[in-house]
Each structure stands twice: as structure tokens, then as C-alpha cells.
Amino acid sequence: MNASPPGWLATFTRALVPLVCSLVAGAVILALMGKNPFVFYGDIVFYGIAQNGWQKSLSLMAPLTLMALGLIVVFRGKLWNLGYDGQFLLGAALVAGVGPVISEAVPFWLALPLLCLLGAAVGAAWALVPAVLKARFGTNEIITTLMMSFIGIGIANLLVRGVFQDPGVIVPQTRVLPIESMLPYIPGTRIHVGLIVALAAAAVLYLALTKSSFGLRLDVYGENPRAAAHAGIHTGGVIVVVFLLSGALFGLAAGIDITGQWGYMRANWNPSYGAAILPFVFLARLNPLGALPLVAFYSVLATGGTVAAQESDLSVDFLMVIIALILVFMTLIELWGSRRQAGASYLPPALMKALRVGSRQEDAR
Amino acid sequence: MTWKPTACAGDSLGFMPENQPVLRLVGITKAFPGIVANDEVSLDVMSGSIHCLLGENGAGKSTLISILSGMQRPDRGTIELRGRAETISSPSAAIGMGIGVVYQHSTLVPALTILENLMLGNSGKLLQDRTGALRRFEELSSLLGIDLDPRMRASALGVGQQQQVEIAKALWKDSRILILDEPTSLLPPSLVDALLASILNLASRGISVILVTHKLDEALSVADAVTVLRRGRVALSLSADKLLEKGVVSAEERILGAMFGERESVEPETSAEPKASEPKASEPKASEPKSSEATRAGRQETTRRVEQTARIVLEVRDVETAPPGSGRMAHGDAPLAGISLTIRSGELLGISGIEGNGQKTLAEVIAGQRAISSGSILHNGSEISDSGVAMRQADGVRYVTDDRLGEGIAGDQSVAINLVLKKIGRPPMWRRGITRKAEIERGARVLVREHDIRTPSIDARAATLSGGNIQKLLLARELDGMPSVVVFNKPTYGLDHNTVLRVRREMSEFVAAGGAAILISSDLGELAQMSQRIHVMDAGRIVGTVDGAETAPDEIVARIGAIIAGVHAAGGHAAGFRATGDQS
């Protein structure tokens, strides 16, 4: 591995190559299925950008960016908060459930920040239990966050079917937030201001991670927890803060998505933003600003792809095939790169090292 | 030995003549970047004998074992098995040649039964031969005195039973050479005796045993031959009879002398060696004699008796810690069992003892990395046992760790960041949490220059530095800003000669300037040279003290050896087993 960090161009190339590869492989699959890949991809670009597509794509970008940031902040510390669905949906259920009540009780300018904060607080609270277990007892957070996620999803659905259910309709869903109580549009567009919140959060997180003592403590912890403890960094504190931040960002994504885009929540609704955006977070090498173009790319893919799939008589799930292919190519290039010692990894170097040491021990046995 | 077995006469390999080595290593050399792990190691293992391999951690025992087990190949040297030169190319090749290894930590699969674990060694066959395996298990059970249900899960086994199964696993394929890597390190004392008895029994059946350990009493109680490794070389190789001629205590002293290196490293005289042929032309030649002089000057400076009126900087009173395993930062070191010590300004206090007797725990307790369960720690008269690492660091209590790569540095961060690693968030490098890169870099440049850290730049990743430069980085970090007390844990371990001199000089200068230092070292010569007093630790206690100012260096080494040997002779089972072995 090089002594100096890889150049901007190399980083850019490494992010782009898996994307291009997956699109090419996707095209081959489409051709084998008897579809015209050029028509499909053309449709994606057309419906995702042309006419009103870009406004839809950018609106979708708001929650996706916040989800990406929530993942970046934990992954930086080599901690795994994989409970994004539970933290997101529980936040969404509470925001959607109490939204109509609050917007009737307090003025509009106060109601929306309150709701977004509520979402963030709920998300953070749901991340707290795994965080404390990890900090106090070293419990594997992958398992605890996943399990807590199932519980969170279950409770969210119970709430929507229970106390929050709108008695006026037959389908299990919450009352709908009146359109005038929702997040306003950016003037001259049909994109809600949640996008601005998300972009601002990305900028703030970028500064916090690269230019503050917090970011350095997190990086040192992520790279070598023992060195962090030796250096007097309160490792338990780092874990808890980072999980709370991550959960809060997921919850904020929910708050913004409900108050900006949907206005209500239906039972069993799960947009799975976290899983979809996860590969892109690694492509961006856990850089909050670097993630933005990739999130934009996925937003177009998701917005345009939904319509394009219908036009080509494909399942919407085909989009997930492309996402999965990105992961496959990313891993392959990663392997190839490390074999040749050619380039830095998508993964943080310390994580890569840990994985390599792990595999070497396997070999030794 | 007179009791040499007759039992093996009938077995398949029993044609070995009695006095021929079953395994002979000649000139085994294995180098890793920056360190020669095995340097011309030669040894003979006789058929049906117990050969003890002793040495401190890092002496090269593990490398030798991994060469014998086929995990690594030597750079040079030959391995002869029963008189034939062999290449052990893989672990399975080693098993095929009849070499079985029992590692320190369990390699059993917890979810599988005992029998299934043993049958893992039968890989390569498509069908499982359960009846055959059961028969083999019965055989080994009677040989090893195992009384276990083969259908029991490995996870249900106690440590002693686990080890029995491990030995059975190593012998599964009819191994005639059994290597045990520190088999007693995880066993309670009651089970150690049983294990040693079982090893003696195996030897009596013609199996050659290589017992790796750093516990002298165990080694002497069963060994037929003893080889001591130090810094990759054979420091001593003798038959047990010769070694024990003058009694157990004298034998232990000889072994300790070989393990820790008496005499040789007392004075760093070796700097007079001609070094002109060395490729490192960039090294300033003039610095060598100068640094050596400085060390001598440092010795004169430090060995002068510390005035009893000097200020007490650090006081440790009756400190105990919880047993290992109960904390998240657990390691193998012994807990403290009631330690008291004081250090005055201008004093260097040496801590000696066989590794794993609480030295590291003591260092971590003082640094604040490990909680104490009772007692108190006073720094300049005020209680600090409740304050964390960061607060003690800021107060001037510092710790130069022995685990330089594992906890000393964050390897992927830059040299500059690693130099401020213990000050993250503190002014002037940070203001209200905002990083001030220029301040960090300015400080880093000064420290890199002052401490002669050889790095391409202050932005280079710390992990790319050589071991010596990483240690200089750690010293620069811990000595920055005139601390009041510094714990140096094996500060010269594994370093090249010049860096060793430099580290010692920096310690001397720190003490001469009125600092208080604790030097934990396994190099008795170094302790004798540097310290005013040396405490000897055993099982988490201080068991003796040698006054460095009033004792000649050679004598210091002997007295420390005598203290350690004395503790073992008094409380151990050193004498007992020997007799049993002779009778069988």
C-alpha cells in the first residue's frame, strides 16, 4: 500500500469502474432476456431526468443522502449499525402518527422542525440499546442492530395498525398530513426543502469528520480500538455518540421523507433506502461529499428505473440486480487491486487489514 | 538416562538406535523484515526423551515450532528426521512425518464432539470410519489416561480435558514426535502436575516430546535435555543431568542467565565493533561513540544514590487488580496481588521478573488503562486512581507501551497525528474541537527532528516506519512537555543496537532532569546498568529488591536470578517430578 493517500483521479476511477461494469453486465443480462438494453437505459435517463424526472430524483435524494450519512458515520468507526430499517420506520411511524396532531396544535413553522427532531430522536433512541451493549459488554453490534431492527419494524407496523390508524379509511394507514402542513418546496421547483437539509448535513458531517477532534477520535477508534484506549480516548463514549448520531440521521431521513414526500405512512411500507444506498457509501470511500454524486446517480436510477421497468415489461426488482452487480464488481476489483497491491481499498485500510489478517489466520489453521 | 523405554521396541518405527537423535536441526535460520527470529539454531531430540525449549517471548521459540509444524520454511538449515534430511512443506506434511503439535490455544471446534474433532484429522477420506476412529480413541485414552465420553461436545470440556483431547489429536496419526507449545500456561496448578505426569508417560512409550515453556520448574522437573533460546540463538543446550549436577537452584540460575543474557549486555561495549562495512552509509558515524559515551555518562548520573529527601513523585499503595478475563482489555498477564512502591524525583526504578508476572498490569494500572480493585495510586501526593488515561497523561503520568504496533500507534494515521494521539482535542492543536493542522505539523516537525525519527515526511503513515523509528515516535510523544513520571515497558526490546543506545540515553536524560522513571525489562543487564533499585515481581507481587547503586552490575544479575529461583524452589514442585521420572 502507498504511503500517501491515493490521488483524486484514482479515487474517482475506482468509484466509476464498478458502476460502468455493472451497467454493462446488466445490459448483457437484458439482451439475454430479449430486451433492448439501450431502450431500458435510455428510459431510465429520460424518466429520471427529463421533464419532471429530475425534480422527483432530487426529492428522493433527500432521505437517501441522510441514510448514506448515517451509514458513513458508523462505518468510519468500523462499527456496524445495520438497524437502519427499524430506526427509519419507527421514526417514520411516530412522525406520521403524531404529525397531524402536532400540525393542528402548533404553528406551521414550529411543527415541521419538531416533527423532524422527533424522527431523529426516535431513530437515536432505537440505536441506543445496541450502542450501550457494545460499549459496556462488547456485544456484537451487527447482531443487536439487526435484531432491534426487526423489533422496530414490528412496532412501527403495530402503531400504524393501532393507535395511529386513521379510522376514516379501510386500509391500515395513518391520517394524512394536510398538504399545506408539509415541508415547503424550494421556490420555483417541486423539490421539498428536505434536500437542502440533507445537503447541509453532508457538509457539516464532512467538516466534523475531517476537521475536528471528534472525527479524528472516531478514525483512530475505527482503525485500532486498543490504540484509542491507550491514547486515553473514551472508547465507550465514541461508540455511543456515533450510534446516536447514526440513528438520529436515519430518523431524520424518516421525518423528512414523511413530512416532505408522503404525508402519511401505510402499514408494511418499507422503502429500504439503507440497503439500496449501502454499496454507494463504500464506493464513496466513506466520504460524505463523495457520496453525493453517487446518491444522485442512484436517485435517477430508482426514479427513472421504476417507470422504465414498467415500459420494458420488467420487474422493478431488476434495479436491485444492478445494485447487487455494483457490489459484486466492487468486491472483484477490490480483490484484484489488493492482489496486485495496485491501489488502495474501497474499505478503510484498517478494515481491509483486519480482513486480510483474518483470512491469513484461516489459512494457517 | 537409565530408564529408557523398552515399550517402543515393537512399534513400526522402533528400529531407531537408542542414542541417535530422532529429530536433528542444523543451522536453522529464519529472518523476518527487521528481525532474525531464528539464527543458526541447532538441536537434537533423542528418541523417547523430553526436550525442553525455553526462552522469553520473542526469543524464537514460536518460529522454530512453526518451522517444525510446516507452517513456515526456514531460510537456511536442514531438518533431519530419523537420519534423513526432510523438507516440511506444509502442516499436513508434518503430520505425515509423524510430528504432532499441540498449540497454546485450543484448536478444537466447540460445536463438534470429541470424536468428530479427532476425526477432522482424517480428512481426505470420503467416508467416515467411525468404528476405526473409536478404536483409535480407546487406544489413545488408555495411553493418555483419558476418561471421557467421545460423544461429548468439545465446548463442554474443561481446560485440562481440552488439552488431553488436543494431545490425542496431535497423536492421532501415530505421531512419534509431540510438540507442546506452552501447554501449562492456561492450566491451573493442580492440572499442571497431571499433564507433566502424562508427558513422562508418553516419553516412556518412546514418543519424543518437545516441551516449549518459560516456566523453569516445570522444565527441570521433566526434562531430559534443555535448550534455551535468546534473540533467536541457542544460548544454552545441555542435558538435564549436567544441568542439575549442582542442584535445582544452580540449574535455574544458569537457565535464567542464558534466558536473560547475563554479562553480555551489561555494558554496550559492542559499539566498538567495526561497522564500516555496514551498508547504512547515511548513518552519521560520529554519533556512535558519542552516544555510547553519553550512555556511560548517563549511568554515572543515574546510579548515584537518590537522595532520600528527594520528592516522592509516584506512590502505589497495596494495589490489587481483578483477575484477567474480567476486563475488556484482558491479556495474559497476572493480576496484581497487593503491590506497593514509591518513586522519587530523579530515580529510575527497575522492574524485573519472568514475563507474565504482572509487570504489564502494573504499567497499565499506573497509566490508567486498567482499573484497580483495591489500593491507591498517588501522584505528587494526590490520589489519581479515579482519573482516566487522558487526565493522567495531561498531568504528566506517561506510559511507553511494549505493544508498539498493537496499541502504541494508529498505523494508518500520519506520523504527525500519532505524535499528538494522546492530546486529541487539547489546545493549541485543537481549538473548540476544530483541528489546527498547522499547529500539529509544527509540533511534529520539532519532535521528528529532536528525536531523530527517520520518516519520509510527517504525513507518512506511521505503520510504514521501522520498528526503531516507531519506538522513537512513542518516546517523543511520551517525553514531550517534561512529564513527571514515565513507565517504560521493555523500551529496547527488539531494536537495533543504535536505537537501543538512543532509547537508554533518552531515559537517562529524563531521569537526570529530575523525572521519575519505571523501567520494566526482561534484559537484566539493562536493568543493572540503568536502575538505582530493582524490584523483582512474581505472581503479581514484589518478591525482592536489589539495590542497584550499591551492587556491582554482574552481581545484580546474579541476585535477581537468585530471587526468582528462590521463589520457585520454595513454592514450586521443581524437585518432585524429577524423581518420578527416574523411577519409571
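So, how was this worked out
- Residues numbered from 1 in each chain as written.
- Chains lettered and ligands numbered in written order.
- Predicted model: local features only at pLDDT ≥ 70, side-chain atom pairs only at ≥ 80, totals over all residues.
- Contact = placed C-beta atoms within 7 Å.
- Helix = DSSP H or I, 4+ residues; strand = E, 2+ residues; numbered from the N terminus.
- Expected span 1.5 Å × (residues − 1).
- Buried ≥ 20, exposed ≤ 12 C-beta atoms within 10 Å, placed from the backbone.
- Arc of directions from axis to C-beta.
- Axes fitted to C-alpha atoms, helices over the stretch in contact; angles between N-to-C directions.
- Parallel < 35°, antiparallel > 145°, perpendicular 65-115°, else oblique.
- Nonpolar A, V, L, I, M, F, W, Y, C, P; charged D, E, K, R; others polar.
- Pairing = 2+ DSSP bridges.
- pLDDT = per-residue confidence, 0-100.

A. Layout of the interface of chain A and chain B. Contacts between the two partners involve 23 residues from chain A and, on the opposite side, 31 residues from chain B. The element contributing the most residues to the side of chain A that touches chain B is helix α8 (residues 213-223) of chain A, with seven residues.

B. Expanded view of helix α7 (residues 194-211) of chain A. Residues and elements named next belong to chain A. For α7, with 18 residues, the first-to-last C-alpha span of 25 Å sits near the 26 Å given by 1.5 Å per residue. Every buried residue belonging to α7 is among G194, L195, V197, A198, A201, A202, L205 and L209, and all of these are buried. Within α7, the buried residues cover an arc of 155° as seen down the axis, which keeps them to one side. Away from its buried face by more than 90 degrees, α7 exposes A200, A203 and V204. The secondary structure elements touched by the buried residues of α7 are α3 (53-76), α8, α10 (235-262) and α12 (288-311).

C. Inspection of the packing of helix α16 (residues 467-479) of chain B against helix α17 (residues 497-512) of chain B at higher detail. Residues and elements named next belong to chain B. Where α16 meets α17, the axes come as close as 10 Å, and the angle between the chain directions of the two elements is 10°. One element, α16, and the other, α17, form an angle in the roughly parallel class. Residues G468, Q471, L475 and L479 of α16 form the contact with α17, whose own contacting residues are T499, V503, E506 and F510. Broken down by class, the residue content of the contact of α16 with α17 amounts to four nonpolar, three polar and one charged.

D. Region of interest: unusual backbone geometry. Backbone torsion omega between B:P427 and B:P428 reads 0°, so that peptide bond is classified as cis. Examined against the element boundaries, B:P428 turns out to sit in the loop between α14 (415-419) and β17 (430-431). Phi is positive for A:K78, which is not a glycine, with a value near 50°. Within the fold, A:K78 resides in the loop between α3 and α4 (84-105). Positive phi is not limited to glycine here, since B:E40 has a value of about 55°. Here B:E40 shows up in strand β2 (residues 35-46).

E. Expanded view of helix α6 (residues 141-161) of chain A. All names here are of chain A. Here α6 contains 21 residues, and its C-alpha end-to-end distance of 30 Å stays within 8% of the 30 Å for a straight helix at 1.5 Å per residue. Listed as buried for α6 are E141, T144, T145, M148, S149, G152, I153, A156, N157, L159 and V160. In this structure, the buried side of α6 is in contact with α4 and α5 (108-137).

F. Up close: the pairing of strand β21 (residues 533-538) of chain B. Residue and element names in this part refer to chain B. Taken across its six residues, β21 has six buried, putting it largely inside the fold. On β21, burial covers both faces: R533, H535 and M537 on one face and I534, V536 and D538 on the other are all buried. The sheet contact formed by β21 and strand β22 (residues 541-547) spans six bridges and is antiparallel. Note on β22: the bridge partner recorded for D538 is R541. If you look at the hairpin formed by β21 and β22, you'll find two residues sitting between the two strands, and A539 has a positive phi there, around 50°.

G. Fine view of the environment of B:A31. Residues and elements named next belong to chain B. The residue A31 is located in strand β1 (residues 21-32) in this model. C-beta crowding within 10 Å serves as the criterion here: with 15 such atoms nearby, A31 is assigned to the partly exposed category. When the C-alpha atoms of A31 and P74 are compared, they prove to be 8.3 Å apart, with 43 residues separating the residues in sequence. Beyond its immediate chain neighbours, meaning those up to four positions away, A31 contacts V36, A37 and D75.

H. Inspection of the sheet that holds strand β14 (residues 374-379) of chain B at higher detail. Residues and elements named next belong to chain B. Strand order in the open sheet formed by four strands is β12-β11-β14-β15, with antiparallel pairing between adjacent strands. Strands at the two margins of the open sheet, each flanked by one partner only, are β12 (337-344) and β15 (382-383). Where strand β11 (residues 312-320) meets β12, six bridges bridge the pair, whose relative direction is antiparallel. Directly across from E315, in β12, lies its bridge partner T342.

I. Examining the sheet that holds β22(B) more closely. All names here are of chain B. One open sheet holds the six strands; their spatial order is β16-β19-β20-β13-β21-β22, and the pairing between them is mixed. For this open sheet the edge positions go to β16 (397-400) and β22, each flanked by a neighbour on one side alone. Across the sheet, the axes of successive neighbouring strands diverge by a mean angle of 20°, strand direction being ignored. Alignment of strand β19 (residues 485-489) against strand β20 (residues 516-520), held across five bridges, turns out to be parallel. Each bridged residue has a counterpart across the sheet, and for V485 the counterpart in β20 is A516. On the sheet, α16 packs against β16 and β19 and is oriented at approximately 175° with respect to β16.

J. Region of interest: the confidence of the model for chain A. Residue and element names in this part refer to chain A. Within chain A, residue pLDDT values average 88, and 89% of them lie at 70 or more. Averaged over each element, pLDDT in chain A is lowest for helix α14 (residues 349-364) (50) and highest for α10 (97). Within the model, the stretch residues 340-344 combines pLDDT values under 50 with 10 contacts to residues more than four positions away or in other chains.

K. The confidence of the model for chain B, seen in detail. All names here are of chain B. Per-residue pLDDT for chain B averages 81, and the proportion of residues at 70 or more is 82%. Segment residues 263-304: pLDDT under 50, and 46 contacts once partners within four positions in sequence are set aside and those in other chains are kept. Taken together, the stretch residues 572-584 has pLDDT below 50 and engages in 23 contacts with residues farther than four places along the chain or on a different chain. Reported confidence for the predicted complex is 0.83 by ipTM and 0.71 by pTM.

L. Highlighting the packing of α8(A) against α10(A). Residues and elements named next belong to chain A. At a minimum axis separation of 10 Å, α8 and α10 run at an interaxial angle of 110°. Judged by the angle between their axes, α8 and α10 are roughly perpendicular. Along the contact surface, α8 presents R217, L218 and Y221, while α10 presents T235, V238 and V242. When grouped by side-chain class, the residues that make up the contact of α8 with α10 number four nonpolar, one polar and one charged.

M. Main features of the environment of B:G60. Residue and element names in this part refer to chain B. Summarising the element assignment, G60 is placed in the loop between β3 (50-54) and α1 (61-68). The class for G60 is buried, based on 25 C-beta atoms found within 10 Å. Sequence separation of G60 and K30 is 30 residues, and the distance between their C-alpha atoms is 9.3 Å. When neighbours within four sequence positions are excluded, G60 is seen to be in contact with A37, N38, V41, G55, L229 and G232.

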